Amino acid sequence: MTSSWQRKELPFLILYAVGFYFIIIRRSLQISHDHYTKLYGLRPGWISDRLNDVSDAQWRNFRGNLPILTLVFGIFALVATVSRSYGLKAKGMSIVWLLLSMAYLSYLHGACIVYILSIASANYLLVKVCGRTKYVFLLWIFNLTFLICNRVYGGYPFSLFGPKWAYLDNYRGTFRWHICFNFVVLRMISFGYDYHWAGHDNRFDQEKHVQRCNNCSSGKTCYQLLQGRSLKSDTFSLTIYLCYLIYAPLYIAGPIISFNAFASQLDAPQKTYSVQDVVWYGLRWIFSLMLMETMTHFFYYNAFAINVTWKYLSPLDIFVIGYGVLNFMWLKFFLLWRYFRFWSLVNGIEAPENMPRCLNNCYNLESFWKNWHASFNKWLVRYMYIPLGGTQRKLLNVWVIFTFVAIWHDLEWKLLSWAWLTCIFFVPEMIVKSAANGLKVESSFGKFLFRELSAVAGAITITCLMVANLVGFVIGPSGINWFLSRFLQKEGLPTLGGMLITFYVGTKLMFHISEAKKNVRGR
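Not measured: the values here are computed from a predicted model.

Some thoughts on the domain arrangement of the protein chain
Where interface size is quoted, it is often the accessible area lost as the parts come together. Here the protein chain is described as being made up of domain 1 (4-40 + 295-522) and domain 2 (90-267). With 27 residues of domain 1 in contact, the opposing surface of domain 2 contributes 32 residues. Summed over both partners, the interface of domain 1 with domain 2 buries about 2700 Å², with 68% contributed by carbon and sulfur atoms. By the criterion of area lost to domain 2, the three top residues of domain 1 are Arg 382, Tyr 383 and Trp 408, representing 26% of everything that side buries. On the surface where domain 1 and domain 2 come into contact, there are 2 salt bridges. Taken together, domain 1 and domain 2 are joined by 11 residue pairs in polar contact (both at pLDDT 80 or more). Top element by residues in the side of domain 1 that touches domain 2 is helix H17 (residues 374-385). It accounts for 7 residues. Grouping the constituent residues of the side of domain 1 that touches domain 2 by class yields 15 nonpolar, 7 polar and 5 charged.

Side note on the environment of Asn 302
Structurally, Asn 302 is set in helix H14 (residues 301-305). Look at Asn 302 and you get buried, because its relative accessible area is 8%. Asn 302 sits 188 residues away from Lys 490 along the chain, and the two C-alpha atoms are 27 Å apart. Apart from the residues lying within four places of it in its own chain, the contact partners of Asn 302 are Asp 53, Ser 55, Asp 56, Val 325 and Phe 328.

Structural notes on helix H6 (residues 177-198)
Helix length check: H6, at 22 residues, gives a terminal C-alpha distance of 31 Å against a target of 32 Å (1.5 Å per residue), a fit within 8%. The sharpest bend along H6 comes to roughly 30°, located at Phe 183.

Section: the pattern of salt bridges
Taken as a whole and judged by the stated rule, the model has 14 salt bridges. We note a salt bridge from Arg 341 to Glu 350, for which the minimum N-O separation is 3.7 Å. Of the two residues examined, Arg 341 and Glu 350, each falls in the buried class. Across the salt bridge formed by Glu 452 and Lys 508, the nearest N and O atoms sit 2.4 Å from each other. Taken together, the positions of Glu 452 in helix H20 (residues 444-475) and Lys 508 in helix H22 (residues 493-522) put the pair 56 residues apart, joining distant regions of the chain. Each of Glu 9, Arg 451, Glu 452, Lys 508 and Glu 515 takes part in one network of salt bridges that share partners.

Side note on the packing of aromatic side chains
Taken as a whole, this structure holds 59 aromatic pairs when the rule is applied. Between Phe 20 and Tyr 21, the ring centres sit 4.9 Å apart and the planes meet at 75°, which makes this aromatic pair edge-to-face. Residue class for Phe 20 comes out buried when judged on its relative accessible area of 12%. Three or more aromatic residues joined by ring pairs make a cluster, and in this case those are Phe 76, Trp 97, Tyr 124, Phe 191, Tyr 195, Phe 236, Tyr 241, Tyr 244, Tyr 247, Phe 259 and Phe 262.

Focus on the side chain of Glu 429
Of note, Glu 429 is situated in helix H19 (residues 413-437). A relative accessible area of 10% means that Glu 429 is categorised as buried. A polar side-chain atom of Glu 429 sits 3.3 Å from the main-chain amide nitrogen of Glu 366. Excluding residues that lie within four positions of it along the chain, Glu 429 makes contacts with Asn 364, Leu 365, Glu 366 and Thr 461.

A word on helix H21 (residues 480-488)
For H21, the complete set of buried residues consists of Trp 482, Phe 483, Arg 486 and Phe 487. Viewed end-on, H21 has its buried residues packed into an arc of 120°, placing them on one side of the element. H21 presents Asn 481 and Leu 488 as exposed residues on the side facing more than 90 degrees away from its buried surface.

Topic: the environment of Ala 122
In this fold, Ala 122 is placed in helix H4 (residues 113-130). The exposure class of Ala 122 is partly exposed, given its relative accessible area of 34%. Between the C-alpha atoms of Ala 122 and Val 456, which are 334 residues apart in sequence, the distance is 52 Å.

Comments concerning the nonpolar core
Ranked by size, the top nonpolar core spans 156 residues in total, and within it Tyr 251, Phe 319, Trp 372, Trp 379 and Phe 404 carry the most contacts. Broken down by element, this core gets its largest block of residues, 21 residues, from helix H15 (residues 315-346). Structurally, this core is a two-domain feature, drawing no fewer than three residues from each of domain 1 (4-40 + 295-522) and domain 2 (90-267). Excluding its chain neighbours within four sequence positions, the residues that come into contact with Trp 379 are Trp 140, Leu 186, Ile 189, Ser 190, Ile 256, Met 384 and Phe 404.

Some thoughts on the packing of helix H5 (residues 138-152) against H6
The N-to-C vectors of H5 and H6 enclose an angle of 180°; their axes lie 10 Å apart at closest approach. Put simply, H5 runs roughly antiparallel to H6. Contacts between H5 and H6 involve Leu 139, Trp 140, Asn 143, Leu 147, Asn 150 and Arg 151 from the former and Trp 177, His 178, Ile 179, Phe 181, Asn 182, Val 185, Met 188, Ile 189, Gly 192 and Tyr 193 from the latter. Each residue belonging to the contact of H5 with H6 can be placed in one class, and the counts come to 10 nonpolar, 5 polar and 1 charged.

Here we look at the packing of helix H3 (residues 90-109) against helix H10 (residues 238-246)
Between H3 and H10, the least distance of the axes is 8 Å, while the angle of their chain directions is 45°. Comparing the axis directions of H3 and H10 gives the class oblique. The chirality of how H3 crosses H10 is left-handed. Counted together, Ala 90, Ser 94, Ile 95, Trp 97, Leu 98, Ser 101, Met 102 and Leu 105 of H3 and Thr 239, Ile 240, Leu 242, Cys 243 and Ile 246 of H10 form the full contact between these two elements. In terms of residue class, the contact of H3 with H10 is built from 10 nonpolar, 3 polar and no charged.

Definitions and limits used
Residues numbered from 1 in each chain as written. Predicted model: local features only at pLDDT ≥ 70, side-chain atom pairs only at ≥ 80, totals over all residues. Heavy atoms only, no water. Domains from an automatic or database assignment. Contact = heavy atoms within 4.5 Å. Buried area = accessible area lost by both parts, 1.4 Å probe. Salt bridge = Lys/Arg side-chain N within 4 Å of Asp/Glu carboxyl O. Polar contact = N/O pair within 3.5 Å; in protein donor to acceptor, adjacent residues only side chain to side chain. Helix = DSSP H or I, 4+ residues; strand = E, 2+ residues; numbered from the N terminus. Nonpolar A, V, L, I, M, F, W, Y, C, P; charged D, E, K, R; others polar. Buried < 20%, exposed > 50% of the residue type's maximum accessible area, 1.4 Å probe, protein only. Expected span 1.5 Å × (residues − 1). Bend = angle between axes of the 7 residues up to and from the residue. Phe/Tyr/Trp six-rings, centres within 6.5 Å; stacked < 30°, edge-to-face > 60°. Arc of directions from axis to C-beta. Core = buried A, V, L, I, M, F, W, Y, C linked by side-chain atoms within 4.5 Å. Axes fitted to C-alpha atoms, helices over the stretch in contact; angles between N-to-C directions. Parallel < 35°, antiparallel > 145°, perpendicular 65-115°, else oblique. Left-handed = near helix turned anticlockwise from the far one by under 90°.

This is the structure in C-alpha cells:
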C-alpha cells in the first residue's frame, strides 16, 4: 500500500523530472549547435535540413541495409509460411530454413561460409562423442579456443593457407563472419548442453510449471517451458542443428534462444503472439525508429563521444553527453534486437525479448543486466551461473561470468576493465541486498528510513553504472582518471551533487512505477 507521504511526494518528483529533461534537451540542442563543425560522422539528414549523426558504425550499417534486410526477410517469411501451409514440421521446416539461411550467409560472408560450416561440423561431432559423458566440458574449451582465435587471426585470411588460396580473400562477402560467429558459439554450447541434459533425468516439472504459469495455464507456451522440457533424441539431428546455428532472422544479432526452445517451435509455431500482436509489435518498432531518427538529427551525442572535443567542455556538458550516449546505445540495441525478433515472430519462432524495461527504469545492477541483453542473461544463467553453483557461489560466479561476457564481446582491455569494474560495483550490492532481505521493518518511520536509504543506494548504483559503461564502451580505462578528475574538482562538484540528487529522485520515481505495476497485477 502507498502511504500518504509517498502520495504527496509524487507530484514533486514528477515536476523535478520534467525540469531535468527540459534542461537536458535544451543543453543538448545548444552544444550540438555550437560544436557541430568540429565533429565528424555527421551526414546530410532528411529532417529540417539538419545534419544526421551516423558516426556509430553499427547503427550506420544497419540503417543503410534496412531495405535489403527487409526484402530478404520478407521473402524468407513468405517461403516459410507457404512451406508450413503444406504441413511441413520439424525436419521439413529445418531443411527449408537451412537452405534459405545458407543463401543468406553466402551473401553475407561469401567464401568464408566454409569456416562456419567446418567449425560447426567439428562441434557437432564433439557433442555426439562427448555430449553424454563426463567430458562434456570439452565443449567449452573447443568453443572458447575458436572464439579467441577467430579474433586474433582476424577471421583467417585464406592467404594463411598458401598463395594458391589467396584469391578467395576477394570473395569474403559484405560482413565479417567472425563478428557474427560470437552468437554461433553461444548456440553451439547451447546445443551441446541441451543434448547432454536430455540424456539425464529432467528435473524440470512440466505439470507443476503449467499450473503456476499464467501463460501456460491459458493455453499458450512460455519460454521457460520451451527451454526446460526435454526433446526426443532425433531432434538433435545435423539438419536441425545447422538450421538453429544459422537461422537467418536471429543470425546477425540475436536475440539468443536456446536449442530446446528453438527446436520446440519447429513443429508448432509460437502462440504467445497473435497476428494482431505481431503487427502492433512492428508498428511500435517503426515509431521507435522515428524516435531514433529525431534523436540523431538534433542531438549529436555519439559524434561527441568519438571526438576529443567533449573532453574540453564543462562538467555539466560532459554529463549531458555521457547520459545521452547511454540513451543512444540503449535505443540502438533496442531497434536492432526488436527488428530481428519481429521477423522471427513472423516466422513462428519466439525468442526472448531483449530490453523489456527502459534504461531509465533500472536502479540496481541486477535489474539492469536482467533487462539489457535479457536473452544473453537467460543463456548465462542456464549454461554458466547454475552449472557453476548458482547462488551458493554467486560472489565468485559474477567474476567468471562478466570476464566471459567481456571476452565474448571482443578482445579489448577496455571491455575487461568494464567487466571488472561492474563486478567491483556488483559484489557490494549483492551483499547489501542479501542483508536487507533479512530485515523486517514494521514501524512507519523504519519503512520511511529504509526507502530513503534504498533511494540513496540507487543513486550511487546508477552513477557506478554510468561510469562502468562509459569506461567499457566510450572512454576506455585510460579515461577513468580524466573523467573522475573533472567531477571531483571544484568546478565539477556542483554537477556531481546535482547528478546524485537527480538519480535519487529518479530512483524514487522508479519505486512508484514498480508499486503501481504491483497494484495493477493485484487487482
